[in-house]
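Summary of the model geometry
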Amino acid sequence: MTSLPTSNDGRKLGLVIDLDICVGCHACAVNCKEWNTGGHSAPLTDENPYGADPQGVWFNRVHSFEAGDGDSGRTVHFPRSCLHCDEPACVTVCPTGASYKRESDGIVLVNADTCIGCKLCSWACPYGAREYDYADGVMKKCTMCIDRIENQHLPPEDRLPACVSTCPASARHFGDLGDPNSDVSLLVAERGGYDLMPEMGMQPVNKYLPPRASTRHDLETPASPPEAIPASTDTGSDFLNWVDRMLTR
Amino acid sequence: MNPAYSVIFFTTASGAGYGAIVWLVVLALLGIVPLTPALGASVFVVSLALITAGLLSSTFHLGHPERAWRALSQWRSSWLSREGVAALATYIPILVFAVGSLFFSAHNNIWIWFGLIAAGLCLVTVGCTGMIYASLRAIPRWSTPLVVPLYIAFAMSTGAVLVIAIASIFWATPGILAWFTAVITLAAWMLKIAYWRQIDTAKPVATAESATGLGVIGKVRLLESPHNSENYVMREMGYTIARKHAARLRKIALVVGGIATALALVIAGLLPAPYAIATSFVALICAATGILIERWLFFAEARHAASLYYGASEV
């Protein structure tokens, strides 16, 4: 059924990604690939993996952005994966029922046995989270590592998504975002965690924590820049400088 | 968006087929064109062939065409599923109406009701096709109220040109019908011009700032892509090849599909029956060329929100 579940017990398993801490090492993406190529949606097929133009299915990709200019500008490493939205258009557009949102915890999954590979779900997702496997002819996506988080064969401390367990900087957190008192919910409240592209109306479950304000006060741009005239425009005459100031206003 | 040829062919061919069936019903209802068995059968066969070829071609881009039947199951939530159900359901009244009109003369009897149901379902199917695109908020240029009317308008205009061309073979093209088709064709392209104007002037719906949430810091630019080769999302959603020719292609589509088609139809309406055949087919070829370019542009010009993560600054 691709209609969304109307009731659940309020559990929303998801990730909280701390953009202040992420160092852009791509370990989460690599460990995701490593685990999931043998996991629920296995394999994550690679095409031409050792050639000049390798391509393949990844559930998690790390982009690097520059935000702002000058001293206040930042380089922000930005891991991007499925946000397991509350209003996932990828699920409702699915004509076969292969895409579904789990009633018990809100995780969005694809049934590879009924997916016809029409790709419409990937068109519906504004976040580019779904990737088509050209070799298998079906759509694949982040499973929130359901084969780890529920895996009784793993020691309890390892029952985390692969991306979370491997992050060397602890920039990724996993938990129940439907419970306002969970560690992840408290973290989101404390740090002002936000949704990506809220205007798309998908109501993502995963949250991003913003980079903290700079503590390098020596680099901070003063609130109002001094009105000094650049040396090159100094005419040597107070009157002409005044005219120049007037005209450049 | 990557313009998949199978989807372009499906939406244009089936659109023209459904449009032609609607016009056939309208003509039968009004009794304007004497529905000789040969003319009626020709329109039915050509329309159903276009619809069926389109539906089959739409399964070519599937990863698992053998599972296509599953797409009929989720009509409660999915416009693609609704389109599939509507497309299959439409065959029944079309075939009943075809049998009725060909063997029992459709005028003023029960068969015309099947024709009306068929016409209604044809429009519903084309509307569902439009809604597949119009319902995708991730692609702001599709998610506009003009997309469904456009799909219906082009289905009706190309369907009308198809009927005129087939009717001309049977020396049965009253001038007024060809002129009416010219008006409908121009109206459809006027709507397209309005759509182009709308998407060209629309404010961006999402930006690199909103996609990353980093707008509070300042202008956001992609510094490093996650990888140095392409991936599926970039191939499918980040299609930019030949987008720079969009302005020229729009003009070609408009001149060939709109103006040339309408001109050929006007001339066809003036000429005596045997000479109208050539001009009617010129109109058909022009209309087909125009609609194929229009549909290609519909895909190629659409920007997907996911491209914001790969260097686009707004969609």
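Everything below is about the structure printed above this text.
Each chain carries its own residue numbering, running from 1 in the direction its sequence is written. Chain letters start at A and ligand numbers start at 1, both assigned in the order the entries are written. With the structure being a predicted model, the display of local features is reserved for residues of pLDDT at least 70 and the display and counting of side-chain atom pairs for 80 or more, all residues being used for whole-chain, interface and lining totals. Each side-chain value is worked out from all heavy atoms of the structure, with water and hydrogens disregarded.

**Description of the overall build of chain A**
So the rule is basically this: What counts as a helix is a DSSP run of H or I of at least four residues, what counts as a strand is a run of E of at least two, and both are numbered from the N terminus. Remark: exposure states derive from per-residue accessible area (1.4 Å probe, protein chains only) relative to the maximum for the residue type, with buried under 20%, exposed over 50%, and partly exposed in between. Every residue pair with non-hydrogen atoms within 4.5 Å of one another is taken to be in contact. Accessibility throughout is a Shrake-Rupley quantity obtained with a 1.4 Å probe, and a residue counts as covered only by protein chains that appear here.
What chain A contains, in helices and strands, is seven helices and 11 strands. Burial analysis of chain A (249 residues in total) assigns 50% to the buried set. Here the analysis covers contacts within chain A between residues at least 6 apart in sequence; of these, 59% occur between residues at least 24 apart. When the accessible surface of chain A is totalled, it reaches about 11500 Å², and 53% of it is carbon and sulfur.

**Here's the deal with the pairing of strand E10 (residues 172-176) of chain A**
Looking along a regular strand, one sees side chains alternate from face to face of the sheet. All names here are of chain A. Cut-off, in case you're wondering: Here, a strand pair is defined by DSSP locating no fewer than two bridges between the strands.
When you tally the buried positions in E10, you get four out of five residues, the bulk of the element. One ladder, built from five bridges, connects strand E1 (residues 13-18) with E10; its direction is antiparallel. Paired with Leu 15 across the strands is Phe 174, a residue of E10.

**Describing the nonpolar core**
Formally: Think of a nonpolar core as a cluster: buried Ala, Val, Leu, Ile, Met, Phe, Trp, Tyr and Cys residues, connected wherever their side-chain atoms sit within 4.5 Å.
Among the nonpolar cores identified, the biggest contains 146 residues, and Trp123(A), Tyr127(A), Met197(A), Tyr133(B), Trp142(B), Tyr195(B) and Tyr309(B) are the most heavily contacted of them. Considering every element that reaches this core, the biggest residue donor is helix H5 (residues 147-169) of chain B, with 15 residues. If we skip the residues at most four places from it in the chain, Tyr133(B) touches Trp123(A), Val7(B), Thr11(B), Trp142(B), Ser143(B), Val147(B), Tyr151(B), Phe298(B) and Phe299(B). In terms of nonpolar packing, the next biggest core, distinct from the first, is built from seven residues, Val16(A), Leu177(A), Leu187(A) and Leu209(A) among them.

**Remarks on a nonpolar patch on the surface**
All names here are of chain B. Note the cut-off: Any residue with relative accessible area above 30% and no salt bridge may belong to a patch, with like charges joined within 9 Å and the nonpolar Val, Leu, Ile, Met, Phe, Trp and Tyr side chains within 5 Å. A side-chain nitrogen of Lys or Arg and a carboxyl oxygen of Asp or Glu constitute a salt bridge if their distance falls within 4 Å.
A cluster of nonpolar side chains, contributed by Leu 29, Leu 30, Ile 32, Ile 110, Trp 113, Phe 114, Leu 116 and Ile 117, occupies part of the molecular surface with about 790 Å² of accessible area. Of all elements in the fold, only helix H1 (5-30) and helix H4 (111-134) reach the threshold of two or more residues within the nonpolar patch. At four residues, H4 tops the list of elements feeding residues into the nonpolar patch. Looking at the secondary structure, you find Leu 30 in helix H1. On the accessibility criterion, Leu 30 (55% relative accessible area) is exposed.

**Structural notes on the pairing of strand E5 (residues 74-81) of chain A**
All names here are of chain A. Burial analysis of E5 places six of its eight residues in the buried class, which makes it a mostly covered element. Bridging between strand E4 (residues 60-67) and E5 involves eight bridges; their strand directions are antiparallel. Considered in E5, the bridge of Ala 67 is made with Arg 74. In this antiparallel pair of consecutive strands, E4 and E5, the connection spans six residues, and Gly 68 shows a positive phi of 80°.

**Examining the sheet that holds E1(A)**
Residues and elements named next belong to chain A. Threshold: Here an angle of 0 to 180 degrees is reported between the N-to-C directions of two axes, which are lines fitted to C-alpha atoms, with helices fitted over the stretch in contact.
One open sheet accounts for three strands, arranged E10-E1-E11; its pairing is mixed. Of all strands in the sheet, those with a lone pairing partner are E10 and strand E11 (207-209), marking the two edges. Across this sheet, the average inter-strand angle for adjacent strands is 25°, counted without regard to direction.

**Points about the sheet that holds E4(A)**
Pairing in this open sheet of three strands is antiparallel, and the strands run E5(A)-E4(A)-E1(B) from one edge to the other. Each edge of the sheet is formed by a strand with only one pairing partner; in this case those strands are E5 of chain A together with strand E1 (220-224) of chain B. Within this sheet the neighbouring strands show an average axis-to-axis angle of 40°, counted without direction. Here four bridges tie E4(A) to E1(B), and the two strands are oriented antiparallel to one another. Within E1(B), the residue paired with Ala67(A) across the bridge is Val220(B).

**Digging into the interface of chain A and chain B**
Here is the rule: Note on terms: buried area is the combined drop in 1.4 Å-probe accessible area of two parts once they are placed together, counting the loss on both. As used in this structure description, the phrase polar contact means that two N or O atoms lie within 3.5 Å; if the pair is within protein, one of them must be able to donate a hydrogen and the other to accept it, and residues adjacent in sequence are counted only when both atoms belong to side chains.
Counting residues at the interface gives 62 residues for chain A and 58 residues for chain B. Between chain A and chain B, the buried area comes to about 4900 Å², and carbon and sulfur atoms account for 58% of it. In this structure, the connection of chain A to chain B is made through three salt bridges. The partner of Arg221(B) in a salt bridge is Glu66(A), with the nearest N and O atoms 3.3 Å apart. Here chain A is connected to chain B by 34 residue pairs in polar contact (both at pLDDT 80 or more). In terms of residue count, the dominant contributor to the side of chain A that touches chain B is E4(A) (seven residues).

**Let's talk about the packing of helix H6 (residues 175-201) of chain B against helix H10 (residues 273-300) of chain B**
Residue and element names in this part refer to chain B. To be explicit about the condition: For classification, angles of less than 35 degrees are called roughly parallel, those exceeding 145 degrees roughly antiparallel, those between 65 and 115 degrees roughly perpendicular, and all remaining angles oblique. Whether a crossing is left-handed or right-handed is set by the direction in which the near helix is turned from the far one by less than a right angle, anticlockwise for left-handed and clockwise for right-handed. Residues are sorted three ways: Asp, Glu, Lys and Arg are charged, Ala, Val, Leu, Ile, Met, Phe, Trp, Tyr, Cys and Pro are nonpolar, and all the rest, Gly among them, are polar.
For the pair H6 and H10, the least separation of the axes is 13 Å and the interaxial angle reads 20°. Comparing their axes, H10 and H6 come out roughly parallel. Relative to H10, H6 is oriented so that their crossing is left-handed. Residues Trp 189, Lys 192, Tyr 195 and Trp 196 of H6 pack against Gly 290, Ile 291, Glu 294, Leu 297 and Phe 298 of H10. Looking at side-chain class alone, the contact of H6 with H10 contains six nonpolar, one polar and two charged residues.

**Some remarks on unusual backbone geometry**
Across residues other than glycine, the phi torsion is negative in most instances, and most of the peptide bonds are trans. All names here are of chain A. Residue Ala 42 is joined to Pro 43 through a cis peptide bond whose omega torsion reads -10°. Of note in this structure, His 26 is not a glycine but carries a positive phi near 70°. Here His 26 shows up in the loop between E1 and helix H1 (27-36). Given a relative accessible area of 26%, His 26 falls into the partly exposed group. Of note, the phi angle at Cys 145 is positive, near 50°, even though the residue is not glycine.

**Remarks on the pattern of salt bridges**
If the charged atoms of two oppositely charged side chains come close together, the side chains can form a pair. Residues and elements named next belong to chain A. Under the defined criterion, the tally for this structure stands at 20 salt bridges over all chains. Across the pair Lys 12 and Asp 86 runs a salt bridge, and its minimum N-O distance is 2.7 Å. In this pair, Lys 12 is assigned in the segment before E1 and Asp 86 in the loop between E5 and helix H2 (89-92), connecting sequence segments 74 residues apart. Judged by its relative accessible area of 29%, Lys 12 is partly exposed. Through salt bridges with shared partners, a single ionic network connects Asp 20, Arg 74 and Arg 212.

**Brief notes about the environment of Met144(A)**
Within the secondary structure, Met144(A) is located in the loop between strand E9 (138-140) and helix H4 (146-149). Discounting residues that sit within four places of it in the chain, Met144(A) has contacts with Leu13(A), Gly14(A), Leu15(A), His84(A), Ile107(A), Ile149(A), Pro161(A), Phe174(A) and Asn206(A).

**Points about helix H2 (residues 37-60) of chain B**
Residues and elements named next belong to chain B. So the rule is basically this: Expected helix span is computed as 1.5 Å times (number of residues minus one).
Here H2 is 24 residues long and its end C-alpha atoms lie 34 Å apart, about the 34 Å a rise of 1.5 Å per residue gives. Residues of H2 that are buried include every one of Leu 39, Gly 40, Val 43, Phe 44, Ser 47, Leu 48, Ile 51, Gly 54, Leu 55, Ser 57, Ser 58 and Thr 59, and no others. As for H2, its buried residues are in contact with H1, helix H3 (79-103) and H5.

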